[in-house]
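# Tertiary structure, described
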Amino acid sequence: MILPPEFYARKPVEVARDLIGKVLVRLMDGRRVSGRILETEAYGGSDDPASHAFRGKTRRNAPMFGPPGRAYVYFVYGNHFCFNVVTAGVGAVLLRSVQPLEGLDIMKKLRGTEDEENLASGPGKLTRAFGITPDFNGLPLCRETGLFIEDDGTRLEVRRTPRIGISRGTERKWRFVGEWRLGQDSNLRPPG
DNA sequence: TGCTCGATTGTCT
DNA sequence: GACAATCGAGCAC
């Protein structure tokens, strides 16, 4: 089932935690490119010094001030794009890494590598592998836009850690990492 | 108008 | 482990 807008209309920390184990899906030329979300980070509004929204609304962070359930895509380090989903409270959740499930050939082509372990194991790699560009900035996550997140019933163990790659607000443990629990049904285990 | 630095990655040592 | 690549947003002046 595709996550509805209500899913995103909560605090960024709750959305970030609950997105672990969900499936990011991109429809490309009638084909599915998808991966299970393994790593997220929550960013708040004016109360979070690490957030782009900390200093108020600008042209770049405008999507964060809009309705929840939309994409916030921004350019960083002169090379890469990062993909976020907008939550309630002028918040956002950064998708840091996914485990590739479908359309691996497309991901390999877009990433220019055959290494399946590293296709989408980072914020910049993820946007590249899924063909997520600024064209999606501000668009709702639904079937119509070809970019959305599904719940396939999989539940992962969620670990909570400080956010990484930032210089402020590091004291908050707003990074969430999904881990496969031993003893689960075999069809829920990661491949390999 | 100019300068600094970043929610990163790939490459080299 | 260290660092260059690369460029726009945000801030200082």
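Now for a look at the structure at hand. Values in this document were obtained by computation on a predicted structure and should not be read as measured data. Each chain carries its own residue numbering, running from 1 in the written order of its sequence. As they are written, the chains are lettered A onward and the ligands numbered 1 onward, keeping that order. Predicted model: local features are reported for residues with pLDDT of at least 70 only, side-chain atom pairs are reported and counted for 80 or more only, and whole-chain, interface and lining totals are derived from all residues. For side-chain calculations, the full set of non-hydrogen atoms in the structure is used, while hydrogens and water are omitted.

## Details of unusual backbone geometry
What counts here: Where helices and strands are cited, they refer to DSSP runs of H or I of at least four residues and of E of at least two residues respectively, numbered from the N terminus.
You will see that Asp-29, though not glycine, has its phi angle at about 55°, which is positive. The residue Asp-29 is located in the loop between β1 (23–28) and β2 (31–43) in this model. Positive phi, close to 50°, is recorded for Val-90, a residue that is not glycine. If you trace the backbone, Val-90 turns up in the loop between β4 (80–87) and β5 (91–102).

## Considering the nonpolar core
Most often, soluble globular proteins have nonpolar side chains that are buried together. Our working rule: The term nonpolar core refers to a set of buried residues drawn from Ala, Val, Leu, Ile, Met, Phe, Trp, Tyr and Cys, joined through side-chain atoms within 4.5 Å. Exposure is judged per residue with a 1.4 Å probe applied to protein chains only, and the accessible area is read against the type maximum: over 50% gives exposed, under 20% gives buried, and values in between give partly exposed. In what follows, a contact means two residues having at least one pair of non-hydrogen atoms within 4.5 Å.
In terms of nonpolar packing, the biggest core is built from 36 residues, with Leu-19, Leu-24, Phe-83, Phe-130 and Ile-149 touching the most fellow members. Apart from the residues within four sequence positions on either side, Phe-83 is in contact with Leu-24, Ala-71, Tyr-72, Val-73, Val-93, Leu-94, Leu-95, Leu-126, Thr-127, Ile-132, Leu-141 and Leu-147. In this structure, Ala-50, Ala-53, Met-64 and Cys-82 belong to the second largest nonpolar core, which totals 10 residues.

## Here's the deal with the protein's contact with DNA strand C
Operational definition: Whether a residue is near a molecule or strand depends on its heavy atoms: if one lies within 4 Å, it is near.
Residues in contact with DNA strand C, as listed here, are Arg-55, Thr-58, Arg-60, Phe-75, Tyr-77, Gly-78 and Asn-79. Here, DNA strand C places atoms within 4 Å of the protein, and 67% of those atoms are sugar or phosphate.

## Some details on the pattern of salt bridges
Between side chains of opposite charge, pairing is possible as soon as their charged atoms come close. Selection rule: Salt bridges are defined as contacts in which a side-chain nitrogen from Lys or Arg sits within 4 Å of a carboxyl oxygen from Asp or Glu.
Enumeration according to the criterion identifies 17 salt bridges in this entry. Glu-14 is the salt-bridge partner of Arg-10, the closest N and O atoms lying 3.9 Å from each other. The partly exposed category is assigned to Arg-10, whose relative accessible area is 23%. With a closest N to O distance of 3.1 Å, Arg-32 and Glu-150 form a salt bridge. One end of the pair, Arg-32, is in strand β2; the other, Glu-150, is in strand β6 (residues 147–150), with 118 residues separating them in the sequence.

## Observations concerning helix α3 (residues 104–111)
Since the α-helix turns once every 3.6 residues, residues separated by three or four places project in the same direction. Considered for burial, the residues of α3 that qualify are Leu-104, Ile-106, Met-107, Lys-108 and Arg-111. With its phi angle positive at about 70°, Gly-112 sits one or two positions after the end of α3.

## Regarding the environment of Asn-61
Stated precisely, the cut-off is as follows: What qualifies as a polar contact is a pair of N or O atoms within 3.5 Å, subject to a donor-acceptor requirement within protein and to the restriction that residues adjacent in sequence count only when both atoms come from side chains.
Structurally, Asn-61 can be placed in the loop between β2 and β3 (71–76). Sequence separation between Asn-61 and Val-90 is 29 residues; the distance between their C-alpha atoms is 9.7 Å. Apart from the residues within four sequence positions on either side, Asn-61 is in contact with His-52, Ala-53, Gly-56 and Tyr-72. There is a polar contact of 2.9 Å between the side chain of Asn-61 and the backbone oxygen of Gly-56. A distance of 2.7 Å separates a polar side-chain atom of Asn-61 from the backbone nitrogen of Thr-58.

## Points about the packing of aromatic side chains
Under the convention used in this document: Note on aromatic contacts: the rings of Phe and Tyr and the six-membered ring of Trp form a pair at centre separations within 6.5 Å, being stacked when their planes are under 30 degrees apart, edge-to-face when over 60 apart, and tilted otherwise. Our definition puts a charge over a ring when NZ of Lys or CZ of Arg is within 6 Å of the ring centre and also within 35 degrees of the ring normal.
Taken as a whole, this structure holds three aromatic pairs when the rule is applied. Where Phe-7 meets Tyr-8, the ring centres are 5.3 Å apart and the plane angle is 80°; that geometry is what we call edge-to-face. Each member of the pair, Phe-7 as well as Tyr-8, is classed as buried. Ring geometry for Phe-75 versus Phe-81: centroids 5.2 Å apart, planes at 50°, classification tilted. According to the relative accessible area criterion, Phe-81 is partly exposed, its value standing at 24%. Over the ring of Phe-7 we find Arg-10, and its NZ or CZ is 4.7 Å from the ring centre. In this structure, Arg-163 is placed above the aromatic ring of Tyr-43, and the distance from its NZ or CZ to the ring centre is 4.7 Å.

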